[in-house]
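Working through the structure, step by step
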Amino acid sequence: MAAMIEVQDLHKAFGDNEVLRGVNLTVEEGTTVVILGSSGSGKSVLLKHIIGLLQPDSGTVYVDGVDICRLSARELNRFRRKFGMVFQSSALFDSMTVFENVAFPLIEHREGRTDEEIRAIVEAKLALVGLEKAAQLDPAELSGGMRKRVALARAVARDPKIVLYDEPTTGLDPITTDSVNDMIEDARRELGVTSIVISHDIGSALRIADFVAVLYEGRIVEHSTPEQLRHTTHPHVRAFLQTWFRRS
Amino acid sequence: MARTIAWFAGGKRAAEWALGGLGQATLDALSDLGGLTIFGFEILAQAFRPPYRVRNFLAACEAIGTGSIAVVVITAAFTGGVFSMQTTIAFELFNSESLVGAAVALSLTRELAPALTGLMVTGRAGSAIATELGSMRVTEQIDALATMAVNPFHYLLVPRVLAALVTVPLLTMIFDVVGLFGAYLVAVGLQDIGPAEFWSRVHLWVDLADVFGGLIKAAAFGLTIAVSCCYKGFTATGGAKGVGIATTKAVVTSSVLIFVLDYALTSLMLGWWQDA
């Protein structure tokens, strides 16, 4: 499989706080990689570099063979066509209905689609996440899990190659967490997307990941399959896993 | 002796603390002004790039302009009335009551209408802009726009700034008319000044240059209000508290800038007004 995303020696500091200290990560096409790490370890910062919302101090991010750190603002804007992103807070536009939220990227980038075609795509994406009956609701009327589902429907509206998830299960109850994990697996299976999931939820990581990368002190200290992760020798990763095994 | 040395040392520390604080505040204010200026130029640069978001522009016009009409009308009516009452009392001392209409009209068109309209729009619409954008920032809605390849400057800020640029002068024209009518009602109805006396002096002393000068000021205030409120909202951080702080700063910055800009523009326009 070809590498869809390659992060090479990525460094980023905010003032004196050095968040990323040489991150190296490869994500192969069509796989799901979960980046695990404790709160404040720089997971979201890494994700924002991958989609070009932040510029690194040094290092490179290749997406589909293109170094996105060297793209102009306009080129980067066009390049983001390849991405969909599900935010931790879902980031739905609260001035729009569910239908309008999912239709938004399609209306902004019509690419020759008629209103009827856009309506059909929105209905199909809402059906994918099981929310076809919620189309006319406002985001404020939805539960946390439903909001995540709408966010995914919006993220995949334009059939991106890559979907990024920022803490998709944080703050959700176990049943909703399971349904969000199902949703991530369905999106990968049915749409064939490459997925990167940022999380500190070890249970979800072990369930949905093809590969797990652990971010610690600004570096990826473990990159393995979920099965290999269970037998890791890295002391921090072992400690991180043990807290989860004790709880479950 | 030891007490004197300690007193001097304490005084020196206090002076250092006060001057340090003043210097830091000055640096912060200049940095903020620099950021605001660059932000404003970025918005204006985006304004000329397609697609032209007519629907967003009209929605912003409704929020900033139509929504502010009531508050502008009430403010204008009472400002005109009070100003008429005060100038009549003052002008009676010199037997010049007939000039009340001209004095009120000149004050309104040149100064009061643009400045007070600006302040009203800041309080009503500017604060709403900062709050809305701040909420969008802290709930990642602005980042979401960027990830969908939609430029947030182009989608969110350009329509609001252009709407303020257009609607604040229009609101100022309403302020001019209503304020003058309020002044007329008080002068003629309560102060026994003849209607013909009132209007003839307005006609004699007020020139189109006075009105246009006021409208130019209003456009500058509209631009300033929108850019500074967008800036504060767009750069908000830290949840609900951060949005509240951003809104307060937006209103304070806009209000102060209106007065500073008013002085600068009046200095520039005074010669033009005198020649007209």
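Source: prediction; values computed, not measured. (Residues numbered from 1 in each chain as written. Chains lettered and ligands numbered in written order. Predicted model: local features only at pLDDT ≥ 70, side-chain atom pairs only at ≥ 80, totals over all residues.)

**Digging into the overall build of chain B**
When helices and strands are tallied, chain B shows nine helices and zero strands. Along chain B, helices (α) and strands (β) appear in the sequence α-α-α-α-α-α-α-α-α when read from the amino end. Taking the principal axes of the C-alpha coordinates as reference, chain B spans close to 75 × 65 × 35 Å. Across the 276 residues in chain B, those meeting the buried criterion constitute 42%. For chain B, restricting intrachain contacts to residue pairs at least 6 apart in sequence, the fraction spanning at least 24 positions comes to 89%. (Helix = DSSP H or I, 4+ residues; strand = E, 2+ residues; numbered from the N terminus. Buried ≥ 20, exposed ≤ 12 C-beta atoms within 10 Å, placed from the backbone. Contact = placed C-beta atoms within 7 Å.)

**With respect to unusual backbone geometry**
For the bond from Pro50 of chain B to Pro51 of chain B, the omega torsion is 0 degrees, close enough to zero to count as cis. For Pro51 of chain B, the location among the structural elements is in the loop between helix H1 (2-47) and helix H2 (54-64). At Ser90 of chain A, a residue that is not glycine, the phi angle is positive and equals roughly 75 degrees. With respect to the helices and strands, the residue Ser90 of chain A is situated in the loop between strand E6 (83-86) and helix H3 (98-108). Since 25 C-beta atoms lie within 10 Å of it, Ser90 of chain A is described here as buried. Positioned with a positive phi, Ala91 of chain A is a non-glycine residue whose angle comes to about 55 degrees. Residue position: Ala91 of chain A is located in the loop between E6 and H3. By C-beta crowding, Ala91 of chain A is classed as buried, having 25 other C-beta atoms within 10 Å.

**Points about the environment of Thr4 of chain B**
Residue position: Thr4 of chain B is located in helix H1. Placed 265 residues apart in sequence, Thr4 of chain B and Met269 of chain B show a C-alpha to C-alpha distance of 56 Å.

**What to know about the sheet that holds strand E5 (residues 66-67) of chain A**
Residue and element names in this part refer to chain A. Strands sit in the order E2-E1-E4-E5 across an open sheet of four strands; the sheet is antiparallel. A strand with exactly one partner marks an edge of an open sheet, and here the two such strands are strand E2 (17-28) and E5. The sheet contact formed by strand E4 (residues 58-63) and E5 spans two bridges and is antiparallel. From the neighbouring strand, Tyr62 faces E5, where its bridge partner is Asp67. Sitting on the sheet, helix H1 (residues 43-50) touches strand E1 (3-14), E2 and E4, and the angle it makes with E1 is about 125 degrees. (Pairing = 2+ DSSP bridges. Axes fitted to C-alpha atoms, helices over the stretch in contact; angles between N-to-C directions.)

**Regarding the environment of Glu100 of chain A**
Its place among the elements puts Glu100 of chain A in helix H3. Judged by C-beta crowding, with 17 C-beta atoms within 10 Å, Glu100 of chain A ranks as partly exposed.

**Describing the interface of chain B and chain A**
Each partner contributes residues to the interface: chain B has 11 residues there, and chain A has 16 residues. Along the lines of polarity and charge, the residues of the side of chain B that touches chain A split into five nonpolar, four polar and two charged. (Nonpolar A, V, L, I, M, F, W, Y, C, P; charged D, E, K, R; others polar.)

**Here we look at the sheet that holds E6 of chain A**
Residue and element names in this part refer to chain A. As summarised here, the arrangement of the six strands in space is E6-E7-E8-E3-E9-E10, forming an open sheet in which the pairing is mixed. Two strands in the sheet have a free side with no partner beyond their single neighbour: E6 and strand E10 (219-224). Neighbour-to-neighbour, the strand axes of this sheet turn through a mean angle of 20 degrees, independent of strand direction. The pairing of strand E3 (residues 32-36) with strand E9 (residues 211-216) spans four bridges and is classified as parallel. The partner of Val34 across the bridge, within E9, is Val212. Lying over the sheet, H1 contacts E3, strand E7 (162-166), strand E8 (194-199) and E9, oriented at roughly 155 degrees with respect to E8. Docked against the sheet, helix H5 (residues 144-155) engages E6 and E7, running at close to 170 degrees with respect to E6.

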